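Summary of structural features
Read off the chains here:
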Amino acid sequence: MRDLSYRPSRAARPWRLIALCLTLLSSPASADEVFDRQVHPILAGKCFRCHGGERVSGSLRVDSRDGLVKGGDSGPAIVPGKADESLLMRAVRRVDDVSAMPPDKPLRPDEIASLAAWVEAGALWPERAAAFKVTRHWAFEPLGHVAVPAVKAEEWPRNSIDRFILGAEESAGVHPSPEASRRTLLRRASYDLTGLPPTPDEVEAFEADGSPDAWEGAVDRLLSSPRYGEHWGRHWLDVVRYADTAGENSDHPLPHAWRYRNWVIQAFNEDKPYDEFVREQIAGDLLAADGPTDQYAGRIVATGYLAIARRFGHDIDQDMHLTYEDTIDTFGKSLLGLSLGCCRCHDHKYDPLSTRDYYGLYGVFDSTRFPFPGCEPKQQPGQMSPLLTPEEIERQVKPWQQQLAAADAEIEAAIRRQADLSRQTREAAAKSARVLAAGEIDDGKAAALPAQVGLEGIAVKQGDVIQLSVLPRGNHGADSTLVELEINEIVATTAEAPGRRWKTNDLVDDLTTENPHPDRYGNAATWCFLDGLDGPSFLAETLSAIDGKAELKCWRNGDTPSVFVNTSGQPVKVWTELPPRAFFVHPGPQGPVGLAWISPVDGLVAVSGRLADAHPGGSDGVAWTLEHVSSADAGTSLRLLGEVGKERRLLKQRRDELAARQPAVPVAYAVTEAAPHDARIQRRGEPNDLGDEVPRKFIDILGGQHVLATGGSGRRELAEWVTSAKNPLAARVMVNRIWQWHFGRGLVATPNDFGIRGSAPTHPELLDHLASVFIDGGYRIKAMHRLIMHSATYRQASSDGETGPWYASFPRRRLAAEELRDTLLAVSDDLDPAPGAGHPFPPEATWNFTQHAPFAAEYQTAKRSVYLMQKRNRRSRFFALFDGADPNASTPVRDVTTVPTQALFFLNDPFLHRCSERLAERLMASSPDDGQRIDFACRLLFGRPGAEADRLDALEFLSAYQSSTALPPGSNRHAAAWAAYARVLLSSNEMLHVD
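Residues numbered from 1 in each chain as written. Predicted model: local features only at pLDDT ≥ 70, side-chain atom pairs only at ≥ 80, totals over all residues. Heavy atoms only, no water.

The next point concerns unusual backbone geometry. When glycine is set aside, most residues are seen to have a negative phi, and most peptide bonds are trans. Following Gly-291, the chain continues into Pro-292 via a peptide bond in cis, with omega recorded as 0°. Even without being a glycine, Ser-59 presents a positive backbone phi close to 65°. Tracing the backbone shows Ser-59 in the loop between strand 2 (55-56) and helix 3 (65-70). Overall, Ser-59 belongs to the partly exposed group, its relative accessible area being 43%. Of note in this structure, Tyr-779 is not a glycine but carries a positive phi near 60°. Relative accessible area serves as the criterion here: at 10%, Tyr-779 is assigned to the buried category. (Helix = DSSP H or I, 4+ residues; strand = E, 2+ residues; numbered from the N terminus. Buried < 20%, exposed > 50% of the residue type's maximum accessible area, 1.4 Å probe, protein only.)

Next up, the structure:
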């Protein structure tokens, strides 16, 4: 569009200003009249809204000459007699080095000239100048009845929309385009409503349908398709920045977020009224309690709108104020078309929105419990919302809870017996224990165990105990310790009767079978794996894999692997590289881990082996002691302790089996109520610098209603305020989005910003008419589709040029990323039409994501693109390439870029090649005749029959390709040629664009 702003050259300015001044001064009107007629309307109508009344942006006031001369934060606004030196004139002329004013729409050239002449003439200000009054911005004006305009060309309009559009066109001297062909219309409607191309049979049937309501029938068919909700649900998910990961520094997965995605899709398919759609997303958990029960789960899931707010930082609990900001920002943009986020630190610079408005909403969300997705220091997610009513949970789960409680009581009794025996064992050991050796292992070092004690060895009796204890020092996180312990029986060795040997390496293959563990000679309870804290007590829990490594088996109490082995013949890389076929211990942060050998023999034994730091880099190593307890009572107590430990493990195993059979309660990533309270203002957005408390409330310009003391968090009231007929924004914002998603641009070109910095509506009367029709029709989105798509405006042919703001033709558009991918799968007959569900995330118990190793998986599927996993921190390459939505922030309008890498995708990408090969197979199977194959390809991809030019071009291409010397020897040249031809068609402008 032609730029109408005034930007004279430096050379032209003085002469033009002099001419303007002479014109004004030579006119019979007085200076007061010039100000009243030409200057005051500009200052009062265009500038005062931000620089007058109670709102003074940049400390500049425009309601007096002194205010303009004094200026604001940037200095004097005018220099009387010197227009070119005046900051006001540079701003309205939109010079690059100053902020353009007004920010939303430039002044007309004649208005700029009037201001310039007034300043040049001395900026005279009448003593009795007209009063300056604050005028409400159009977006905050209430909806009223808008009369449908009369038009001259009465034969063109099909409904009310056309009269508003045609009225504007007639005023601008613009004429509408003719109606598009039936084939073009059906392809347009099919992509518009379902995001998929029509099948050749659907196109042929529509073109052959001569009934007067054929178009209306086609629109209804598409609206009733389940593909409709998948496509239009994606539009909404863009706006609410849907993602399957949390967004904090390790980008934890959200295994249950998909339920909200599918709820949105279902809501569009069911044509859920928009006001209900909004209320359930804000307060669905509160509405669920009101019934009916068949809507309970859906309403819980709907609050995923709030729950999917982005998390921030390392320990996300420390940065929840940023999550609330993200929530409030998205709430304002998605439902009200207002940018509320900047009010976290200060009153809005342009719109009538205050910091008190922000913290009034902040209190509502701070009184809401958000689910915990997990983060680097606290890996496991929690606080999910059950999808069964409390009554149903009581009915299904309570009997199991009673059985589990009984099992827990038995386990607690075993624990108490274990504690008593542990005390007895410790007391018995203390009476006869002697230290055989002790020492420390520094970082990366090793220590040898004594070969024997005394000249003849260590005298033991059955039941004596030899115990190795490894203790933590400062950095217990790097205390993995290799243990090679060997106990040899000293006897008069002969070939027939060698001495017996007990080695830790004998335990590598079957470590987790028993504790106490038998030896290889059949003696029960020979080896014991002990927790030395307040002990001894037996390690009670086994793991069949550590960090997903099945080669690593362990015993543990708590999170730390206390005794573990590498069963593999190869080193295994985990937190460090563990050598093959080896035995390890790892002390806990507060106490030692023990390895005890209960002697099954009377006689002499020798102890040998070594300890080594298996995780260098911890800087301080471990300490160790080797003791001999010469007391049968200690050995007996230890065996009894082992029996109780075994009993405890069996009880826990039975309890786990019982819990596994318990009916699973499905959960959602949703919000619930927390303790209600009002929030305090965070000065400059700093959560540690608190100001006044603000009651929970709605935005003042939209009513400012307060939450009652009995209102809980206030989300129920907030949902009602947003969807109230007294709120003029909710309906305006949504009908503008619907219009935008049909035509590519909204009646307001900034769908997330209806404020002063946003664009003014091109057809304000039509916008309010649509909003009124929307409300009167029960907020039904499908009814708005019908109104728009039945109009002559929608049914116009597209044009090659810029259509401007008059909608004198239908705007041609390129396929969005999801439409492109889904089309490639559909035409290659590979698209899986079944709805998607959750993603194959790794089990939550194995999560160990960090800032340096965040979640970054990709899951391939043939389902529609709306069901693909969306990561926040590492976006899918395909969606980044083809301008998909950024799930970190609300995306009201998709960018459309044309970059070389998009062309390279069609040349080289394996996915595109696979689709082209499958499409080629489909074309070759459709007919033995090449001409019919080419015709089928055009009908399939373009929605039209093949023309003679298509046939000739294709045959020439196929012939040249098959005779190419670049093809590898022995390749199927015929199939390769058709696959290459399919790539050409799939990358063509006709396939990639919708008219």
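Attention now moves to the packing of aromatic side chains. For the coordinates displayed, the defined rule picks out 50 aromatic pairs. Taking the centre distance of 6.5 Å and the plane angle of 45° together, the rings of Phe-855 and Tyr-859 count as tilted. For the pair Phe-855 and Tyr-859, one class covers both residues: buried. Every member of this aromatic cluster is reached through a ring pair, and the members are Tyr-228, Trp-232, Trp-236, Tyr-260, Trp-263, Phe-268, Tyr-274, Phe-277, Trp-741, Phe-774 and Tyr-779. Looking at Arg-188, its charged tip hangs above the ring of Phe-810, at a distance of 3.8 Å from the centre. The ring of Tyr-350 is capped by Arg-757, whose NZ or CZ atom sits 4.5 Å from the centre of that ring. (Phe/Tyr/Trp six-rings, centres within 6.5 Å; stacked < 30°, edge-to-face > 60°. Lys NZ or Arg CZ within 6 Å of the ring centre and 35° of its normal.)

Among the 5 residues of strand 14 (residues 552-556), 4 are classified as buried, and the element is accordingly described as predominantly covered. Sheet topology note: the strand 13 (residues 541-543)/strand 14 ladder contains 3 bridges and is antiparallel. What sits directly across from Glu-541, in strand 14, is Arg-556. Bridging between strand 14 and strand 15 (residues 561-566) involves 5 bridges; their strand directions are antiparallel. Bridging across to strand 15, Leu-552 finds its partner in Asn-566. Between strand 14 and strand 15, which pair antiparallel and follow one another directly, the connecting turn spans 4 residues, one of which, Gly-558, has a positive phi of 90°. (Pairing = 2+ DSSP bridges.)

A word on the confidence of the model for the protein chain. A low pLDDT means the predicted coordinates there should not be read in detail. Averaged over the protein chain, the pLDDT score is 90; the fraction of residues at 70 or greater is 94%. This stretch, residues 1-28, has a pLDDT under 50; its non-local contacts, to residues over four places away or in other chains, come to 25 contacts. (pLDDT = per-residue confidence, 0-100. Contact = heavy atoms within 4.5 Å.)

Moving on, we come to empty space enclosed by the protein. Tallied over the full model, the rule gives 6 cavities of 30 Å³ or more. Put simply, the largest cavity is a space of about 80 Å³. Residue lining of the largest cavity: 14 residues in total, with Arg-234, Asp-238, Gln-870, Ala-885 and Pro-887 positioned closest to the centre. The leading source of residues in the lining of the largest cavity is helix 10 (residues 226-239), at 3 residues. (1 Å grid on protein atoms, 1.4 Å probe; cavity = no way out; pocket = protein on both sides within 12 Å on 5 of 7 lines; lining within 4 Å. Points joined across faces, edges and corners; volume = space filled by probe spheres on them.)

Moving on: helix 20 (residues 728-743). An α-helical segment advances 3.6 residues per turn. Residues three or four places apart therefore align on the same side. With 16 residues, helix 20 ought to run about 22 Å at 1.5 Å a step, and its terminal C-alpha atoms sit 23 Å apart, in line with that. Along helix 20, 16 of the 16 residues are buried, which leaves the element largely enclosed by surrounding structure. Backbone nitrogen of Leu-729 and a side-chain oxygen of the N-cap are separated by 3.0 Å at the start of helix 20; the cap is Asn-727. One or two residues past the end of helix 20 sits Gly-744, with phi positive at roughly 90°. (Expected span 1.5 Å × (residues − 1). Polar contact = N/O pair within 3.5 Å; in protein donor to acceptor, adjacent residues only side chain to side chain.)

For soluble globular proteins, the rule of thumb is that nonpolar side chains tend to be buried together. Ranked by internal contacts, the top residues of the largest apolar core, which has 114 residues, are Tyr-260 and Phe-331. Here this core gets 9 residues from one element, more than from any other, and that element is helix 20. Among the nonpolar cores identified, the runner-up in size contains 38 residues, and Ala-817, Val-827, Leu-881 and Ala-920 belong to it. (Core = buried A, V, L, I, M, F, W, Y, C linked by side-chain atoms within 4.5 Å.)

Let us look at the packing of helix 27 (residues 930-942) against helix 29 (residues 973-986). A pair of packed helices is captured by two measures, namely the crossing angle of their axes and the spacing between those axes. Put simply, helix 27 and helix 29 touch, their axes get as near as 11 Å, and they point 30° apart. In terms of axis orientation, helix 27 runs roughly parallel to helix 29. Seen from above, helix 27 lies across helix 29 with right-handed handedness. Taken together, the residues of helix 29 that come into contact with helix 27 (itself represented by Asp-930, Arg-933, Ile-934, Ala-937, Leu-941 and Phe-942) are His-974, Trp-978, Tyr-981, Leu-985 and Leu-986. Residue composition of the contact of helix 27 with helix 29, by class: 8 nonpolar, 1 polar and 2 charged. (Axes fitted to C-alpha atoms, helices over the stretch in contact; angles between N-to-C directions. Parallel < 35°, antiparallel > 145°, perpendicular 65-115°, else oblique. Left-handed = near helix turned anticlockwise from the far one by under 90°. Nonpolar A, V, L, I, M, F, W, Y, C, P; charged D, E, K, R; others polar.)

Right, let's get into the pattern of salt bridges. Applying the stated rule across the entire model yields 64 salt bridges. Linking Arg-234 and Asp-238 is a salt bridge whose minimum nitrogen-to-oxygen distance equals 3.2 Å. In this pair, Arg-234 and Asp-238 both sit in helix 10, 4 residues apart, roughly one turn of the helix. Taking relative accessible area as the criterion, Asp-238 reaches 5% and is therefore assigned buried. With a shortest N-O distance of 2.6 Å, Lys-871 and Glu-858 are connected by a salt bridge. Taken together, the positions of Lys-871 in the loop between helix 23 (817-827) and helix 24 (877-881) and Glu-858 in the loop between helix 23 and helix 24 put the pair 13 residues apart, joining distant regions of the chain. (Salt bridge = Lys/Arg side-chain N within 4 Å of Asp/Glu carboxyl O.)

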